[in-house]
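# Close look at the chain arrangement
Spelled out, the chains give:
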Amino acid sequence: MKIQIINGPNLNLLGTREPQTYGTQSFEAFFEKLKNRFPQAELSSYQSNVEGELINKLHAVGFSYEGIVLNAGAYTHTSVAIHDAIAAIKTPVVEVHISNVYAREEFRHKSLITSKCAGLITGFGMEGYALAIQYLLTRY
Ligand code: DQA
């Protein structure tokens with residue numbers, strides 16, 4: 001079962017970026033642990049700061065993979081194009097946020113992508129990615 005994790009802008013800086021909000025662990029270190037926790041899933045990880053590249057990745061995996069875990073970062077709150085890309089593909093997408101976006105600034109309370117996702121996980125730190133994978137595994 002193939003699951004693609006897609007991280008959007010500024011998430012390449014996890015571990016050093018605002019550690020009080022996002023923690024001190026790099027995504028690379030966390031991803032190694034995730035692979036050990038879910039040996040039954042074929043996990044891959046992709047990150048880009050560029051909106052169009054995130055859309056290209058959604059298109060590339062969105063007709064053949066069994067699941068996508070998407071943290072679109074700030075594009076969550078702005079991107080009609082990512083909303084449309086999720087609507088256009090077949091693979092279920094789980095929206096993940098490390099922080100609790102509803103406990104933060106009001107501009108983070110609006111997501112343009114949730115309505116096209118299978119569901120939303122927010123506020124459980126990096127563990128949110130694991131919760132999303134757990135859900136996707138139950139679909140198969
Ligand atoms: C985030 C929340 C977004 O509002 C923010 O722009 C991010 C990270 C999160 O994982 O908590 O870049 O998606």
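Located above this text is the structure these notes cover.
Below: a short report on this structure. (Residues numbered from 1 in each chain as written. Predicted model: local features only at pLDDT ≥ 70, side-chain atom pairs only at ≥ 80, totals over all residues. Heavy atoms only, no water.)

## Describing the site of the ligand
- Taken together, Arg17, Tyr22, Asn71, Gly73, Ala74, His77, His97, Ile98, Ser99, Val101 and Arg108 form the complete shell of residues around the ligand.
- At a separation of 2.8 Å, an oxygen atom of the ligand approaches a polar backbone atom of isoleucine 98.
- For the ligand, the accessible surface in isolation is 320 Å², of which the surrounding protein chains cover 99%.
- For the shell around the ligand, a count of residues per class yields 4 nonpolar, 5 polar and 2 charged. (Near = heavy atom within 4 Å. Polar contact = N/O pair within 3.5 Å; in protein donor to acceptor, adjacent residues only side chain to side chain. Areas by Shrake-Rupley, 256 points an atom, 1.4 Å probe, with all protein chains shown as cover. Nonpolar A, V, L, I, M, F, W, Y, C, P; charged D, E, K, R; others polar.)

## Re the packing of aromatic side chains
- Inspection of every chain in the model, using the stated rule, returns 4 aromatic pairs.
- Both rings, one in phenylalanine 30 and one in tyrosine 129, keep their centres 6.1 Å apart while their planes meet at 55°; by these two values the pair is tilted. Here the residue phenylalanine 30 occupies a position in helix α2 (residues 27-37), and tyrosine 129 occupies one in helix α5 (residues 127-138), the gap between them amounting to 99 residues. Judged on exposure class, the residue phenylalanine 30 and its partner tyrosine 129 are both buried. (Phe/Tyr/Trp six-rings, centres within 6.5 Å; stacked < 30°, edge-to-face > 60°. Helix = DSSP H or I, 4+ residues; strand = E, 2+ residues; numbered from the N terminus. Buried < 20%, exposed > 50% of the residue type's maximum accessible area, 1.4 Å probe, protein only.)

## Points about the packing of helix α3 (residues 51-61) against helix α4 (residues 80-88)
- Contact pair α3 / α4: the axes reach a minimum separation of 10 Å and the direction vectors enclose 5°. The orientation of α3 relative to α4 falls into the category roughly parallel. Counting all contacts with α3, which are made through Glu51, Leu54, Ile55, Leu58 and His59, the residues of α4 involved are Ala81, Ile82, Ala85 and Ile86.
- In terms of residue class, the contact of α3 with α4 is built from 7 nonpolar, 1 polar and 1 charged. (Axes fitted to C-alpha atoms, helices over the stretch in contact; angles between N-to-C directions. Parallel < 35°, antiparallel > 145°, perpendicular 65-115°, else oblique. Contact = heavy atoms within 4.5 Å.)

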